[in-house]
Amino acid sequence: MTTTATPAPVIQDSSMTTTAPTPAERATAIGPVLAEHAARHDADGSFVTEAYDALRDAGLLKAGVPTELGGDGATVAELTALQRELGHHCGSTALASSMHQHVVAFTAWRYRRGLPGAEATLRRIADEGILLVSTGGGDYTHPRGDAAKVDGGYRVSGHKRFASQSGAGTVMSTMFVYDDPDQGRRVLNMAVPIAAEGVTVADNWDTLGMRGTASNDIVVEDVFVPDERVLANRPYGVVDPPLQVISQVAFPIISGAYLGIAEAAYGAAVAAAAPKAESPLVQRQIGRMQHRLRVASWALDGALAAIGDGDTGDVTPSHEAYLAVMMAKAEVAEAGIEVCDLAMDVAGGPAFFKGSVIERAYRDIRAVKFHPLTPEATLVETGRHELGITGLLA
C-alpha cells in the first residue's frame, strides 16, 4: 500500500512579504456596506453617501493615482475589475465612482507626460480625497456650452447634464466650444472648480434608474477659467487622438460597472430558479444569460488587451483600439439588457417588486445605451472605418 507523507507545516517568517489585496478584492470586502444602503438610495433618489465613505476608507477613490503620489497605480484593467465588483453590490455606486475613476486615470496619463496641473490634482486626490466630476458623456464631440477668449483665459457658460456625483464633487472635467478666429470651431477641455462663482449644481436627478448617482445638471454662467486650466484644445465634432485616449481609458471602466450589474441580476436569478431547476425553459434561460455574460466578458477583455494592460500612461491613441472599446461597450450594453430582462422572467413576480435586486438592475442597466457611442452609432463608426471613410466623426 502506498502512503503519502504529510508535508511539514510551513513556518511564515515575519520578514516574508505578502501580496496586498487588489482594488477589486477590497471592493468585495466593502460590498455588504454598499448593498445594505442601495435600495434606500434608489427609492429616495439620494446620493450613495455611505458607499463613498466606504470607498474612501478603503483607499479605492485613489486607486488610479500613481504609487509615487500616494495611490495604487491601478491599470485600466484593474480599475475595470474594481467597478465590475462594485456593480455586484450597488449599480449607482459603481457607475458614479467610475466617472471619478476614469478622470483620475486620464489625469495619471497626463502626469506621465509631464502635462501641467496633473501632478497637483493627483496629489489632492490622494491627500485630500477630492472627487472629480466628468461631463464628457454629455459633451463628447459636441459640448453643451461656449467659451469666449479674455485676458489670461476664457469666460465659459453652459448647461451640463448627467454630471454624476455632482453634489459631492470638487473639480469638474468639462468641455466648451470655442470659435477660434484662425482654426475655426474648437473643443476646449477644462478643469472648473464646482465651488467657483457662477457654477450651480441643480437638484433635478429624478430618473428611471441609477437613482443614487446624483447625476444632477450643472449650470455654468460666465465663469472665468485661466489658461492653465485648459487641458486640451481639440477639433470640434471629431474623435481626435486625445479623445481616443480618453475613450480608451474611460469606457472599459464604465462598461465594467454595467457588466457587474448584469452579473448581479444573473446571480439573483439563479438563486430564484432553484425550485424550478428541472424546467427546460428555465435551464435555457439560465444558459442564455451565462452565454451572453461570458461573451460580453470576453469582449471587454479583448478591448483591454487592445489598449494594453500596463501602466495607464502606456495607453496610446489608436482608432482601432478606440473601436475595440466601443464594440465591447456595445456588447456589454446589449448583453446586459437581455440578461436583466431574462432575470426578471426567471424570477417571476417577486422580482417585480421594489427592493428586488433584479428590479433595480432591470432599471439601472437601461442607462448603458446613453453613453457615447451608442450601440447603433458604434456599428456606423465601425462600418465607416471598414469602408475607408475618414474623418472619425462621432
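Residues numbered from 1 in each chain as written. Predicted model: local features only at pLDDT ≥ 70, side-chain atom pairs only at ≥ 80, totals over all residues. Heavy atoms only, no water.

**Description of the overall build of the protein chain**
Scanning the protein chain from N- to C-terminus turns up 11 helices and eight strands. C-alpha atoms of the protein chain, sized along the principal axes, occupy 85 × 55 × 45 Å. When burial is assessed residue by residue, the protein chain has 53% of its 394 residues classed as buried. Across the protein chain, the fraction of contacts at a sequence separation of at least 24, relative to all contacts at a separation of at least 6, is 74%. For the protein chain, the exposed area adds up to about 17500 Å²; of that, 56% sits on carbon and sulfur atoms. (Helix = DSSP H or I, 4+ residues; strand = E, 2+ residues; numbered from the N terminus. Buried < 20%, exposed > 50% of the residue type's maximum accessible area, 1.4 Å probe, protein only. Contact = heavy atoms within 4.5 Å. Areas by Shrake-Rupley, 256 points an atom, 1.4 Å probe, with all protein chains shown as cover.)

**What about the pattern of salt bridges?**
Tallied over the entire structure, the rule returns 22 salt bridges. The salt bridge involving Asp217 is made with Arg161; its shortest N-O contact spans 3.7 Å. Placement of the pair is Asp217 in the loop between β6 (199-201) and β7 (218-226) and Arg161 in the loop between β3 (153-160) and β4 (171-180), with a sequence separation of 56 residues. Residue classification places Asp217 among the buried residues on the basis of a relative accessible area of 8%. Taking the relative accessible area as the measure of exposure, Arg161 reaches 40% and is therefore partly exposed. A salt bridge links Glu331 to Arg292; its shortest N-O distance comes to 3.2 Å. In this pair, Glu331 sits in helix α9 (residues 319-347) while Arg292 sits in helix α8 (residues 280-307), placing the two residues 39 residues apart along the sequence. One continuous salt-bridge network, built from bridges that share partners, spans Asp42, Lys354, Glu359 and Arg363. (Salt bridge = Lys/Arg side-chain N within 4 Å of Asp/Glu carboxyl O.)

**Observations regarding the side chain of Ser255**
Looking at the element boundaries, Ser255 is found in helix α7 (residues 241-273). In this structure, Ser255 is in contact with Leu300, Lys329 and Val332, ignoring residues within four places of it in sequence.

**As for the packing of aromatic side chains**
Taken as a whole and assessed by the stated rule, the structure comprises five aromatic pairs. Look at Phe47 and Tyr52: their rings are 4.7 Å apart centre to centre, the planes differ by 55°, and that puts the pair in the tilted class. The residues Phe47 and Tyr52 share a single accessibility class, namely buried. Judged by centre distance (6.3 Å) and plane angle (75°), the rings of Tyr140 and Phe251 are edge-to-face. Here Tyr140, found in the loop between α6 (136-139) and β2 (146-150), pairs with Phe251, found in helix α7; they are 111 residues apart in sequence, far enough to count as distant. The cationic tip of Arg366 hangs over the ring face of Tyr362; the distance from NZ or CZ to the ring centre is 4.2 Å. (Phe/Tyr/Trp six-rings, centres within 6.5 Å; stacked < 30°, edge-to-face > 60°. Lys NZ or Arg CZ within 6 Å of the ring centre and 35° of its normal.)

**Thoughts on the pairing of β7**
Bridge count for β3 against β7 is seven bridges, and the pairing is antiparallel. Bridge pairing in β7 places Tyr154 opposite Val225. (Pairing = 2+ DSSP bridges.)

**Here we look at unusual backbone geometry**
Following Pro372, the chain continues into Leu373 via a peptide bond in cis, with omega recorded as -15°. Topologically, Leu373 is positioned in the loop between α10 (357-364) and α11 (375-386). In the Ramachandran plot, Met210 falls in the positive-phi region, its phi being about 50° despite a non-glycine side chain. Considering the arrangement of structural elements, one finds Met210 in the loop between β6 and β7. At Ala214, a residue that is not glycine, the phi angle is positive and equals roughly 50°.

**With respect to the packing of α9 against α11**
Closest axis-to-axis distance for the α9/α11 pair is 9 Å, and the angle between their directions is 150°. Comparing the axis directions of α9 and α11 gives the class roughly antiparallel. For the element pair α9 and α11, the recorded crossing hand is left-handed. Listed contacts from α11 to His319, Glu320, Tyr322, Leu323, Met326, Met327, Ala330, Ala333 and Glu334 of α9 are Pro375, Thr378, Glu381, Thr382 and His385. For the contact of α9 with α11, the residue count by class is seven nonpolar, four polar and three charged. (Axes fitted to C-alpha atoms, helices over the stretch in contact; angles between N-to-C directions. Parallel < 35°, antiparallel > 145°, perpendicular 65-115°, else oblique. Left-handed = near helix turned anticlockwise from the far one by under 90°. Nonpolar A, V, L, I, M, F, W, Y, C, P; charged D, E, K, R; others polar.)

**Quick word on the side chain of Arg292**
On the basis of relative accessibility, which here comes to 11%, the residue Arg292 falls in the buried class. Among the polar contacts listed, one links the side chain of Arg292 to the side chain of Glu331, at a separation of 3.2 Å. Among residues more than four places away in sequence, those in contact with Arg292 are Glu331, Glu334, Ala335, Glu338 and Val339. (Polar contact = N/O pair within 3.5 Å; in protein donor to acceptor, adjacent residues only side chain to side chain.)

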